[in-house]
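Single-letter residue listing:
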Amino acid sequence: MDPPVDLKVVKQDILAGIVECEKRCLLQCTKWLAELNHGLADTPVELRGNSAFENVHSGIEASEYDSYLLAKSYFLVREYDRSAYFTRNCLSPVPKFLHLYATYMSKEKKRLDNMTDSSVVSSVSHAKDFAELLSILRTEHSKDSLDGYCLYLYGVILKKLDLNDIAVRVFVEAINAEPTLWSAWLELAPLVNDKRMLEGLKLPNHWMKSIFEGYTYIELFQNDEGIKIFENLQKNGFGKCIFIPTLLAIAYSNKRDVDRSIDIFQHLQSVDPYRLDNLDSYSNLLFVKDMKTEMSHLAHKVVEINKYSPETCCVVGNYYSIRSDHYKAVMYFQRALKLNPRYLSAWTLMGHEFMEMKNTNAAIQSYRQAVEVNKRDFRAWYGLGQAYEILKMTFYSLYYYKAAQQLRPYDSRMLVALGETYEKLNKVADALKCYQKAYNVGDIEGVALYSMAKLYEKQGETEKAIPAFLKFCSDEKLIADKASLCHAYMTLGNYYEKIEDLDKASYFAYKCLDYEEMKREAESLLKSIANKRAHKATTSAAAAASNPSGAGKSTEEEKPTPEGVPAETYGEDMDMDETNLSKRIEVAMAEEEEEQEEEAGTSELAESSDMPEFHMEDSYDVNE
């Protein structure tokens, strides 16, 4: 759906949402709405007498107002138990929500603190922790006495208990009740499994729906759909809202358009220089491009802003990783997880570092925690596949690669990894399908054709392997692995030498001379080609020399004298060896010296216009 043209209505909704979220201490949602509101600064709204500000005290009974203010102040300084205690008897909507939310936050904080001690994300104790709170909310929900904010909290607890189907229904209820509650949209997005499910949700016809759909498409790695929505939002007045370009940068990053993504992040840095959100994604892009100087500047900058935020620790970890100081990188990723045990990037990146350090078991542990936090993290599934591949546990590896490929169906890296695993399990047909699909979707690493050709070669299907090798070699500048390129050239050279196409064989053999590891083999092949050429030339010469008259006769029969060409010229053209002919003539002249004079014999030969009368084979064959 297109966003409404009237941005004044949008801004009025945002201001109302900010007031309601702020009253209930939903700090992240308040921050998000405030950023969105700032992006619409050019849209004027009358603040005096604004209905949003008239609701600042609504939902709070006068008799409960003092208790509410005290509880709110405790909540803001993270004294959740005290906040819950002083609102325990409140019945009006806002203090009631604050009591339930403070109770939830207290349980969650204690659980995360315990998790930090063990460095393991676990959901085992969730049911016990939230049993009482769940019971209250379930009872209230059955009576239809929960407002949109309490429904959101109920959905969060259901989601933590992995009751996802019920959670989806509850979040949809919450969104319909309070469309500007971004936290509810955000919690719903990871529960949407595919485009069909997204289209089937009964969401309100509200301008927030477009933002949610764009965000969810990018979560589902359907980046083109997401980019289309966000670009449309930018055209319709949301261009200065910092959230929109951030999501575009992530979408371009998913599409491997790294340069464009980096440009957007750099623009965001100039607009909001103290922003830490999503800087871990930016540092990942700098790592991919090996931009060490920019990474160093970014690391120093975030440390100055906030030394002890998870995002800062993650950026510094990437900084040490790009310098190949893997031990320090792990230390900073662990520090990020102490600050936030559910910080997804840190778990995944720490797994990568452990792989670099050859600590496979620790890597598996990290990747498993990443999957526990977010089952959509394809990097963690792919990392698990690699780890089990190193441990030679091929069936485990296949399972995890399949999971990664399902999340990224058009990523050639997943398909190639899957193909290699099928190949190890001798499932040749499946492996070839994977390699073929990887090539069709756009082979990022440029190895799919080579792997396919090698598999055909291994199966003895040389006729199928050769076209694949030729395609692979068609643009040698794009191929990073020169050993593979050299092997392909050598295989092609040997093949063409075998089928006697010596020119092509020679071409590919000369290509191999540029590579030291194949130089000897290439020289050997070139010698073999030279020998074959010499043998061919010798055989042709020997055949001609052994029966020159026959050759002349055959040629004479096939090509009669053309009209207008003198017989003498034609005769000279047919003679294979002029030197031998002159010797034969001298012998003939010596033998017939008594019978004829030399001038007469010469004249007879010169004037003779009928070739069959010149019996070379009978009178002058010196070979006999």
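Every value quoted in this text rests on a predicted model; they were computed, and no experiment measured them.

> So what about the pattern of salt bridges? Which residues, and what values?
Tallied over the entire structure, the rule returns 19 salt bridges. With a shortest N-O distance of 3.2 Å, Lys-160 and Glu-108 are connected by a salt bridge. With a gap of 52 residues between them, Lys-160 in helix H8 (residues 148-160) and Glu-108 in helix H6 (residues 93-118) connect regions that are remote in the sequence. Classification of Lys-160 as buried rests on a relative accessible area of 16%. We classify Glu-108 as buried; its relative accessible area is 7%.

> So what about a nonpolar patch on the surface? Which residues, and what values?
Side chains of Leu-70, Tyr-85 and Phe-86 sit close together on the surface and give an oily, nonpolar patch of about 260 Å² of accessible area. By the element assignment, Leu-70 lies in helix H4 (residues 65-76).

> So what's going on with the UniProt feature "repeat: TPR" (unreviewed entry) in the chain? Residues and values would help.
Feature annotation in UniProt places "repeat: TPR" (unreviewed entry) on residues 310-343, 344-377 and 412-445, given in this structure's numbering. Here residues 310-343 is 79% helix and 0% strand, with 7 Å between the C-alpha atoms at its ends. End C-alpha to end C-alpha, residues 344-377 measures 8 Å, and it is 79% helix and 0% strand.

> Give a detailed account of the side chain of Thr-246, specifying residues and quantitative values.
Tracing the backbone shows Thr-246 in helix H14 (residues 243-254). Discounting residues that sit within four places of it in the chain, Thr-246 has contacts with Leu-268, Arg-275 and Asn-278.

> Tell me what's going on with the nonpolar core, and back it up with residues and numbers.
Core analysis: the largest hydrophobic core is formed by 181 residues, its most contacted members being Leu-188 and Phe-238. Element by element, the count of residues in this core is highest for H8, at nine residues. Counting the residues that make up this core, at least three belong to each of domain 1 (1-113 + 125-190) and domain 2 (480-535).

Cut-offs used in this document
- Residues numbered from 1 in each chain as written.
- Predicted model: local features only at pLDDT ≥ 70, side-chain atom pairs only at ≥ 80, totals over all residues.
- Heavy atoms only, no water.
- Salt bridge = Lys/Arg side-chain N within 4 Å of Asp/Glu carboxyl O.
- Helix = DSSP H or I, 4+ residues; strand = E, 2+ residues; numbered from the N terminus.
- Buried < 20%, exposed > 50% of the residue type's maximum accessible area, 1.4 Å probe, protein only.
- Patch = residues over 30% accessible without salt bridge, like charges linked within 9 Å, V, L, I, M, F, W, Y side chains within 5 Å.
- Areas by Shrake-Rupley, 256 points an atom, 1.4 Å probe, with all protein chains shown as cover.
- UniProt positions renumbered as here; feature names shortened; annotations may be inferred.
- Contact = heavy atoms within 4.5 Å.
- Core = buried A, V, L, I, M, F, W, Y, C linked by side-chain atoms within 4.5 Å.
- Domains from an automatic or database assignment.

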